[in-house]
Amino acid sequence: MTSVRIPADWPTTEEQARAVQDGLRGRVVLDEPGPPPGTGRVTGVDVAYDDERDLVAAAAVVLDAGSLEVVAEATAVGRISFPYVPGLLAFREIPTVLAALDALPCPPGLVVCDGYGLAHPRRFGLASHLGVLTGLPTIGVAKNPFTFTFTTPATPRGSTAPLLAGAEEVGLALRTRDAVKPVFVSVGHRVTLADARAHTLALTPAYRLPETTRRADALCRRALREAGEARDAGDTGA
DNA sequence: GCGACAG
DNA sequence: ATCTTGTCGC
């Protein structure tokens, strides 16, 4: 339903990967309003790893943006194809994420990623990369500030503080719960930062993290566990 | 050179 | 990401 081939020039080395980011960065669209928060569908994607078995599992969970009810979900399992390198997370996660999105029975709508978009050493993080490859509107919601700096937002839910790369504002530290550690929101593709903030708040009625990432996280972990068990049981899949 | 570093 | 028990509190 979101069939996108992995580009033929998918990198093998860190140097190639950085070159790919520099080459695609210009394709990010930052001046579109994106889908109205609270309407349509919102999809969470996440990935889990089993280094021992060289397994990676991705999940995509589609929610109704208004009710936050699960509309559809899909998973994909593969082999780990790229190491974790700060700044190059997309190359580790995107292949399997694309497979999971492709397995969905319906369009994803806005995609919420675990990690960053614009807030990235070369301004082209996972959320931006996934957006450019699929054409879908994307945002990134990360759990920690990575290399960026911020001042503590006020206590109430909804409070923000700029997320800074030096003097450049690359995203927001956003409180999604009163007095609870903030999350870090950045634009991915075809969504404004103000809307990324609104979407994140609409997705956090009860917990610090968006329902999309909570659902996707639980699902990819389960898919990983089941894939590992199947392998241990001698399941060749044939 | 050293340390830090989304997941 | 992942390894991991109990524990304090709403």
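This text goes with the structure placed above it.
Since we're looking at a predicted model, the values are computed, not measured.

Engineer: Let's hear about the packing of helix α2 (residues 89–102) against helix α3 (residues 126–134): which residues, and what values?
Structural biologist: Following both chains from N to C, one finds α2 and α3 inclined at 45°, their axes separated by 10 Å at the closest point. On the basis of their axis angle, the class for α2 and α3 is oblique. As α2 packs across α3, the resulting crossing turns out to be right-handed. Of the residues in α3, those touching α2 at Leu89, Ala90, Phe91, Glu93, Ile94, Val97, Leu98 and Leu101 are Leu126, His129, Leu130, Leu133 and Thr134. Across the contact of α2 with α3, the residue classes break down as ten nonpolar, two polar and one charged.

Engineer: Tell me about the protein's contact with DNA strand C, residues and numbers included.
Structural biologist: The environment of DNA strand C is made up of Ala48, Tyr49, Lys143 and Arg221. Take lysine 143: an N or O atom from its side chain is 3.2 Å from a phosphate oxygen of DNA strand C. Taken together, the residues of the surface near DNA strand C sort by class into two nonpolar, no polar and two charged.

Engineer: Tell me what's going on with the nonpolar core, and back it up with residues and numbers.
Structural biologist: Residues Val45, Ile94 and Leu130 are the most contacted members of the largest nonpolar core, which totals 36 residues. Residue assignment for this core shows that the elements contributing at least two residues are α1 (14–24), β1 (41–50), β2 (55–64), β3 (70–78), α2, β4 (110–114) and α3. With seven residues, the top contributor of residues to this core is α2. Once residues within four sequence positions are removed from consideration, isoleucine 94 is found in contact with Trp10, Leu126, His129, Leu130 and Leu133. Counting 14 residues, the second largest nonpolar core, distinct from the first, contains Val42, Leu110, Val185 and Leu203.

Engineer: Could you give me a rundown of the sheet that holds strand β8 (residues 183–189), with the residues and numbers involved?
Structural biologist: Strand pairing in a sheet takes place through backbone hydrogen bonds and is either antiparallel or parallel in direction. Within the open sheet, the eight strands sit side by side as β3-β2-β1-β4-β5-β8-β7-β6. Their pairing is mixed. The sheet is open, and its two edges are formed by β3 and β6 (160–165), each paired on a single side. Taken pair by pair, the neighbouring strands of this sheet meet at an average axis angle of 30°, ignoring direction. Strands β1, β2, β3 and β4 of the sheet are contacted by α2, whose axis makes an angle of about 60° with β2.

Engineer: For the environment of proline 153, give the residues involved together with the corresponding values.
Structural biologist: Mapped onto the elements of the fold, proline 153 is located in the loop between β5 (138–142) and β6. A residue is classified by how much of its surface remains accessible, and proline 153, at 4% relative accessible area, is buried.

Engineer: Describe in detail the pairing of β6, supporting the description with residues and values.
Structural biologist: Consecutive side chains of a regular strand alternate in pointing toward one face of the sheet and then the other. Across six bridges, the pairing between β6 and strand β7 (residues 168–174) is antiparallel. Of the residues in β7, the one forming a bridge with alanine 165 is glutamate 168. Connecting the antiparallel pair β6 and β7 is a turn made up of two residues, with glycine 166 showing a positive phi of about 70°.

Engineer: Quick one: what's the story with the protein's contact with DNA strand B, residue by residue and with numbers?
Structural biologist: Close contacts around DNA strand B come from 19 residues, with Tyr84, Gly87, Tyr116, Lys143 and Asn144 the closest. Put simply, 48% of the atoms of DNA strand B that lie within 4 Å of the protein are in sugar or phosphate. Measuring from a base nitrogen of DNA strand B, one finds a backbone N or O atom of leucine 88 at 3.4 Å. Histidine 120 is positioned such that a nitrogen or oxygen atom in its side chain is 3.4 Å from a base nitrogen of DNA strand B. When residues of the surface near DNA strand B are assigned to their parent elements, the largest contribution, three residues, is made by α2. Tallied by class, the residues present in the surface near DNA strand B amount to eight nonpolar, six polar and five charged.

Engineer: Outline the packing of aromatic side chains, listing residues and values.
Structural biologist: Applying the stated criterion across every chain yields a total of six aromatic pairs. Members of the aromatic cluster, connected to one another through ring pairs, are Trp10, Phe82 and Phe91. Directly above the aromatic system of tyrosine 49 lies the positively charged group of arginine 92, at a separation of 3.9 Å from the ring centroid. Taking the ring centre of tyrosine 207 as reference, the NZ or CZ of arginine 214 above it sits at 3.7 Å.

Rules and cut-offs
Counting from 1, residues in each chain are numbered in the order their sequence is written. For this description, chains carry letters from A and ligands carry numbers from 1, given in the order in which they are written. The predicted nature of this model means local features are confined to residues of pLDDT at least 70 and side-chain atom pairs, given and counted, to a pLDDT of 80 or more, with totals for whole chains, interfaces and linings taken over all residues. Here the side-chain values reflect all heavy atoms present in the structure, with hydrogen atoms and water set aside. To get an axis, a line is fitted to the C-alpha atoms, and for a helix only the part in contact is used. The angle between two axes follows their N-to-C directions and goes from 0 to 180 degrees. Working definition: helices are DSSP H or I runs of at least four residues, strands are E runs of at least two. Numbering for both runs from the N terminus. Any angle between 65 and 115 degrees counts as roughly perpendicular, while under 35 counts as roughly parallel, over 145 as roughly antiparallel, and the rest as oblique. Crossings are sorted by hand: turned counterclockwise from the far helix by less than a right angle, the near helix makes the crossing left-handed, and turned clockwise it makes it right-handed. For this analysis, residues touch if any pair of their heavy atoms sits within 4.5 Å. Any residue outside Ala, Val, Leu, Ile, Met, Phe, Trp, Tyr, Cys, Pro, Asp, Glu, Lys and Arg is labelled polar, Gly included; the first ten of those are nonpolar and the last four are charged. Near is defined per residue: the residue qualifies when any heavy atom it owns lies within 4 Å of the molecule or strand. Any pair of nitrogen or oxygen atoms within 3.5 Å is treated as a polar contact; in protein, a donor-acceptor pairing is required on top of that, and neighbouring residues in sequence qualify only through side-chain atoms on both sides. Note on terminology: a nonpolar core comprises buried Ala, Val, Leu, Ile, Met, Phe, Trp, Tyr and Cys residues joined through side-chain atoms within 4.5 Å. For the exposure calls, accessible area comes from a 1.4 Å probe over protein chains only, and a residue counts as buried if that area is under 20% of its type's maximum, exposed if over 50%, partly exposed in between. By definition, two strands form a pair when at least two bridges between them are found by DSSP. In this scheme Phe, Tyr and Trp rings, the latter by its six-membered ring, pair at centre separations within 6.5 Å, and the angle between planes marks the pair as stacked below 30 degrees, edge-to-face above 60, and tilted otherwise. Over a ring means this: the NZ of a Lys or the CZ of an Arg is within 6 Å of the ring centre and within 35 degrees of the ring normal.

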